[in-house]
Amino acid sequence: MEALQIYWWFVISLLGGLLVALLFVQGGQTMIWSTRSPRRKSLLANALGRKWELTFTTLVVFGGAFFASFPLYYSTSFGGAYWLWMLILLSFILQAVSYEFRTKPGNVFGTPAYDMFLWINGCVGCVLLGVAVGMQFFGADFTVARGSILDAGAPVISTWNSMHGFNEIFSFRNLLLGAAVLFLARTMGALFFINAVNDSDEADFAKRMRLRVLLNGTVFVLFFLSFLYALFMSDGYSTAADGLVVKVPYKYFFNFIDLWWIGATFLIGVLLVLYGVVRSALDRKFNSGFWWAAVGVVAVVTCLFCVSGYNNTAFLPSVSDPQSSLTIANSSSTEFTLRTMAWVTVLLPVVIAYIAYVWHKMTCPRISSDELSKEDHIY
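Residues numbered from 1 in each chain as written. Predicted model: local features only at pLDDT ≥ 70, side-chain atom pairs only at ≥ 80, totals over all residues. Heavy atoms only, no water.

Draft legend 1. Region of interest: the packing of helix α1 (residues 2-22) against helix α13 (residues 335-344). The contact between α1 and α13 brings their axes to 10 Å, and the two run at 50 degrees. Relative to α13, the element α1 lies oblique. Crossing handedness for the pair α1 and α13: left-handed. On α13, the residues that touch L4, Q5, Y7 and W8 of α1 are E335, L338, R339, M341 and A342. Tallied by class, residues from the contact of α1 with α13 come to 6 nonpolar, 1 polar and 2 charged. (Axes fitted to C-alpha atoms, helices over the stretch in contact; angles between N-to-C directions. Helix = DSSP H or I, 4+ residues; strand = E, 2+ residues; numbered from the N terminus. Parallel < 35°, antiparallel > 145°, perpendicular 65-115°, else oblique. Left-handed = near helix turned anticlockwise from the far one by under 90°. Contact = heavy atoms within 4.5 Å. Nonpolar A, V, L, I, M, F, W, Y, C, P; charged D, E, K, R; others polar.)

Draft legend 2. Fine view of the nonpolar core. F193 and F227 are the most contacted members of the largest nonpolar core, which totals 106 residues. For this core, the element with the most residues is helix α8 (residues 172-196), which contributes 14 residues. (Core = buried A, V, L, I, M, F, W, Y, C linked by side-chain atoms within 4.5 Å. Buried < 20%, exposed > 50% of the residue type's maximum accessible area, 1.4 Å probe, protein only.)

Draft legend 3. Quick peek at the pattern of salt bridges. In this structure the tally under the stated criterion is 5 salt bridges. For the salt bridge of K104 with E100, the shortest nitrogen-to-oxygen distance reads 3.3 Å. Residue K104 is classed as partly exposed on the basis of its relative accessible area, which comes to 29%. Given the relative accessible area of 43%, E100 is considered partly exposed. Note that E335 is salt-bridged to R339, the shortest N-O span being 2.5 Å. (Salt bridge = Lys/Arg side-chain N within 4 Å of Asp/Glu carboxyl O.)

Draft legend 4. Main features of the side chain of R102. Summarising the element assignment, R102 is placed in the loop between α6 (82-101) and α7 (111-138). Taking the relative accessible area as the measure of exposure, R102 reaches 2% and is therefore buried. Only 2.5 Å separates the side chain of R102 from the side chain of D115, close enough to count as a polar contact. Excluding its chain neighbours within four sequence positions, the residues that come into contact with R102 are I32, K41, S42, A45, N107, T111, Y114, D115, L118 and Y379. (Polar contact = N/O pair within 3.5 Å; in protein donor to acceptor, adjacent residues only side chain to side chain.)

Draft legend 5. Seen up close, α7. Between the first and last C-alpha of α7 there are 40 Å, a value that for 28 residues agrees with the 40 Å anticipated at 1.5 Å per step. The element α7 is extensively covered by neighbouring structure, given that 21 of its 28 residues are classed as buried. Count one or two residues on from α7 and you reach G139, which has phi positive near 90 degrees. (Expected span 1.5 Å × (residues − 1).)

Draft legend 6. Region of interest: the packing of aromatic side chains. Applying the stated criterion across every chain yields a total of 43 aromatic pairs. Plain terms: the ring middles of W9 and F66 are 5.8 Å apart, the flat faces sit at 65 degrees to each other, and that makes the pair edge-to-face. Residue W9 is located in helix α1, and its partner F66 is located in helix α4 (residues 52-69); the two are separated by 57 residues in the primary sequence. By relative accessible area, F66 is classed as buried at 0%. An aromatic cluster of at least three residues, connected via ring pairs, comprises W9, F62, F66, F67, F70, Y73, Y74, F78, W85, F305 and F315. (Phe/Tyr/Trp six-rings, centres within 6.5 Å; stacked < 30°, edge-to-face > 60°.)

Put into structure tokens, the structure is as follows:
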């Protein structure tokens, strides 16, 4: 049972890493609205429009995997902090509607309005996803009463404060991670444009994108280092030998030390991100920075998720009732469910290979203005 819980937390962590890497779509969307040329707007929108479903689908799979493997987290976070998650969902609905109707004749609001919706999804979606993940480290105000499921009048296991997660949006430490995710997404978006877009009509397109990589990458590093400092200096919650959840000073810092292989992978991931960002910003002939950074992002985020749940750590601490904190041991599905679903993950390599094939077919050759004029349908 313990091995299955560890395995499924790794699957959740990996999905989280893939989701953050795919947020380059949201980061790129924040650059469409500020672009003046309508042709350039369409160029960027079509480059992202071929990939936006991957981010949305990964978010759904991430939530579905949580529901199946750790249902108490799903009901506690998604059900209790519903204002936070509803705002996230709303921003992604705006994204889907925008790509569908952005250039359709006779659309209700006009193309500029849909460009603004894409900007809202890019900014709000990234920041709020960072806030939601921040709760896994810094905690939230909720209580869990498993016996309530037998109360026919109010069968509610998890109870939050009256704000239902809305107050977490204004937590300074959560916002540090939210801002880091936003500027990471913008950096990844610019790296993607360098890799996938060939704007032959604008000789300085790649130069502008490399400047955005440098500026947004610098801001990201500052916010990310601030988040790491806040994380390492904060207390965490751990399950003691007697089963009680106790506060542990510098818990996440020591998790990186105790789980040294995770700490080493984390550092390698950071170096990969920095390499992709710095070389792309300085080397005009280097167009592969997106892939270096993407691999690094997956490694870094996966490691952050791992240290939030491994080593007897509460991955969703309750600041008002520590004994209600969720761990991978007290919030998972049954052994039968975890084992049955583990067989399903055998198909993951096939799914990943299919995604890689489709990605290649939809990206090669690099999108250009000439291709826009030939397409029957553009975003």
